[in-house]
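Tertiary structure, described
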Amino acid sequence: MFGINDPQIWSAYLLALGFTLACMVYGLLNWNNGGDEMHGS
Amino acid sequence: MAVNTITLAAVTLLYLAAIITLGWLGYRHTKEHEDYLVAGRRIHPAILALSYGATFISTSAIVGFGGVAAQLGMGLIWLTVLNIGVGIFLAFIIFGKKTREIGQRLHAVTFPDLLGKCYASKFMRYAAGLVIVVAMPLYTAAILIGGARFIETTLAIPYDSALLGFAAIVALYVVLGGLIAVMYTDAMQGAIMLVGMTILLVLTYVHLGGVMEAHAALDSLTSMVPEAMVAAGHTGWTSMPVLGSPLWLTLVTTIVLGVGIGVLAQPQLVVRFMTVKDSRAIHRAVFIGGPFILMMTGVAFTVGALTNVYFVQNTGSIALEVAGGNVDAIIPAYINASMPDIFIIVFMLALLAAAMSTLSSLIHTMGTALGHDIWRSIRGNVPSLRASQTGCVLMIVVSVGLAYLMPVSIIARATAMFMGLCAAAFLPAYAAALYARTPSRNAAIASLVAGTTAWFLWTAFVHKAESSVLGVSQAIFGVPALLSNFWQVVDPLIIALPLSTVVLLVGMALDRTGADTGEIIGEGDAGEALR
């Protein structure tokens, strides 16, 4: 995969891309959640 | 560098003008201590994400670790996995949201302040402040030296002038504009870094004929790995070192786990979670932070490894040989040799931005730890801008002094050392402060002390990379490091963090019967119980 033979390396690339995607999906799904939570100030 | 020095100087001046303007904006918006310490808790999510990322990624992460990737290969991508998975996803969602919520509720304004208020313990605040004030100047000196060397070679400015000028410009906007100035400038610097790294990735693959072709070419170079590296476990630049070999242990324990986990309890990063007004801002920042870090370390490590293909094709030698054995010189040598002049300027700015964004955050964190968490707290004064500003001035003076006094061999280890120390000392207590139903003050203190002590002992007596430089083991026992060869390459974090975690858990279990957690400290705005 990606022209790399060692699964320990290409799986790291897959995981890095997967976590990036997870960050983006999480951000989008919760884009408007948790607004106006100002406490005690 | 090969580019015209006048053009370079003009672009640098434009960049500095933009930095000073943003610093002035920070100064204008800083009216009280909460503005100075947590940017008034009203920072935009995009600025949070870029500032966090730019602080996280220093020049050494790009040039230093990029060079290590040229030496060890693509295995460093596991650090990118942790950078994004732990440093962004876990850090923002599990730690960040709770830190913001509790920080706001308790009016905490720094990392030591947060620990002190969560545990209703002055000791926790002082101890955390002390670790920052004692250990962070080394890390800061490393950033200062790296930045000054870089300015010296690119702008042809004498080293002393570069070091003092670099420190003075950053100190100016940090001291006057506080965290608002720091985060505004960080965001601009982060954007420059993003542009630089994107161009670097695209041009590298274009040079090498495409993604698959470049990786296949790197794979074919395995026979060129130096014999000494093969003996240490190197199996090629597109594969992991031999399991359990010295190179594998260094890659996995020091680089991947040490730096990857160490980021979770970095005081200069934790404080950023307290600069936004609600969880919505954290959610939106995660959306930007993940791709940003991928484009920083992911690109640096991939391009770092691929420099071998470029140099073998153009000079017949691998990257490390071309750089004369100096890992730190590989990325600059590659940029100079392979990139068009205009990109050399963009990349120079990106590296300058990376150094400045990290340096400004460190000065702010050290200064507020000294001025707000230690000095003001000891004297029992109300929070003031002046105490933090004075702290920032003193800490930059100390850091500049260290940059001149400390041996380069110690400075070179400073980044990994500071990250490891922070995780070992703070991470268990920080996590328990956020999530434990009954956070035990005694357990947290024991964990902090055990983690710090174990980290120091392992660093001074066992982990050869540091103990041989510090010389304590040599002076006392007549050998540079104790224990067997295997243990001498295991990072201090791997020993100290589990120990501080176990101490915390045992302490919490023992303290349940007689715990008096949540007790009011009884000073100013700290007089609030957490639960």
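Here goes a summary of the coordinates provided. (Residues numbered from 1 in each chain as written. Chains lettered and ligands numbered in written order. Predicted model: local features only at pLDDT ≥ 70, side-chain atom pairs only at ≥ 80, totals over all residues. Heavy atoms only, no water.)

A word on the nonpolar core
Residues and elements named next belong to chain B.
- Of all hydrophobic cores here, the largest spans 199 residues; its most connected members are L200, F426 and Y430.
- Broken down by element, the residue count for this core peaks at 22 residues, all from helix α8 (residues 159-207).
- Non-local contacts of L200, meaning those with residues more than four positions away in its chain, are made with V299, V303, Y334, I335, M339, F343 and F347. (Core = buried A, V, L, I, M, F, W, Y, C linked by side-chain atoms within 4.5 Å. Buried < 20%, exposed > 50% of the residue type's maximum accessible area, 1.4 Å probe, protein only. Helix = DSSP H or I, 4+ residues; strand = E, 2+ residues; numbered from the N terminus. Contact = heavy atoms within 4.5 Å.)

Describing the packing of aromatic side chains
Residue and element names in this part refer to chain B.
- In total, this model carries 19 aromatic pairs over all chains according to the counting rule given.
- Ring centres of F486 and W487 lie 5.2 Å apart, and the angle between their planes is 90°; this geometry places the pair in the edge-to-face category.
- Ring-pair connections join several aromatic residues into one group, and the members of that group are Y52, F56, F92 and F273. (Phe/Tyr/Trp six-rings, centres within 6.5 Å; stacked < 30°, edge-to-face > 60°.)

A short note on the interface of chain A and chain B
- Each side of the interface is counted separately: chain A has 33 residues, and chain B has 35 residues.
- Interface area for chain A against chain B, summed over the two sides, is near 3100 Å², with a carbon-plus-sulfur share of 68%.
- For chain A, the biggest contributors to the area lost against chain B are C23(A), Y26(A) and W31(A); these three give 19% of the whole.
- Applying the counting rule to chain A against chain B returns 0 salt bridges.
- Our count for the contact surface shared by chain A and chain B stands at 14 residue pairs in polar contact (both at pLDDT 80 or more).
- Each residue belonging to the side of chain A that touches chain B can be placed in one class, and the counts come to 16 nonpolar, 14 polar and 3 charged. (Buried area = accessible area lost by both parts, 1.4 Å probe. Salt bridge = Lys/Arg side-chain N within 4 Å of Asp/Glu carboxyl O. Polar contact = N/O pair within 3.5 Å; in protein donor to acceptor, adjacent residues only side chain to side chain. Nonpolar A, V, L, I, M, F, W, Y, C, P; charged D, E, K, R; others polar.)

Considering the pattern of salt bridges
Residues and elements named next belong to chain B.
- Within the structure shown, the criterion is met by 6 salt bridges over all chains.
- A salt bridge links E34 to R41, with the nearest nitrogen and oxygen atoms 3.4 Å apart. Neither E34 nor R41 differs from the other in exposure class; each is buried.
- Among the salt bridges present, the one from R125 reaches D113, with a minimum N-O distance of 3.2 Å. With R125 in helix α7 (residues 122-155) and D113 in helix α6 (residues 111-118), this pair connects stretches of sequence that are 12 residues apart. The exposure classification of R125 matches that of D113, with both residues buried.

Brief notes about the layout of surface pockets
All names here are of chain B.
- Approximately 440 Å³ is the volume attributed to the second largest pocket.
- Lining the second largest pocket are 20 residues, with V134, A135, L421, W455 and F456 positioned closest to its centre.
- Elements represented by at least two residues in the lining of the second largest pocket include exactly α7, α19 (414-435) and α20 (441-461).
- For the lining of the second largest pocket, the element with the most residues is α7, which contributes 7 residues.
- Looking at side-chain class alone, the lining of the second largest pocket contains 18 nonpolar, 2 polar and no charged residues. (1 Å grid on protein atoms, 1.4 Å probe; cavity = no way out; pocket = protein on both sides within 12 Å on 5 of 7 lines; lining within 4 Å. Points joined across faces, edges and corners; volume = space filled by probe spheres on them.)

Some remarks on the side chain of D373(B)
Residues and elements named next belong to chain B.
- With respect to the helices and strands, the residue D373 is situated in helix α16 (residues 341-379).
- Here D373 occupies a buried position and makes no salt bridge, while the nearest side chain of opposite charge, R125, is found at 4.5 Å.
- At a separation of 2.8 Å, a polar atom in the side chain of D373 contacts the side chain of T110.
- Among residues more than four places away in sequence, those in contact with D373 are T110, P112, D113, R125, Y126 and T368. (Lys, Arg positive; Asp, Glu negative; His and termini not counted.)

Concerning a nonpolar patch on the surface
Residue and element names in this part refer to chain B.
- A contiguous nonpolar surface patch, about 550 Å² in accessible area, is contributed by I20, W24, L25, Y27, L172 and L176.
- At the level of elements, α1 (5-29) and α8 are the ones that each hand at least two residues to the nonpolar patch.
- Relative to the helices and strands, L176 is located in helix α8.
- A residue is classified by how much of its surface remains accessible, and L176, at 39% relative accessible area, is partly exposed. (Patch = residues over 30% accessible without salt bridge, like charges linked within 9 Å, V, L, I, M, F, W, Y side chains within 5 Å. Areas by Shrake-Rupley, 256 points an atom, 1.4 Å probe, with all protein chains shown as cover.)

Points about α19(B)
All names here are of chain B.
- Spanning 22 residues, α19 covers 31 Å between terminal C-alpha atoms, matching the ideal 32 Å at 1.5 Å per step.
- At F426, α19 shows its largest bend, some 45°, and a proline, P428, comes one to four positions later.
- In terms of residue burial, α19 counts as a mostly covered element, since 19 of its 22 residues are buried. (Expected span 1.5 Å × (residues − 1). Bend = angle between axes of the 7 residues up to and from the residue.)

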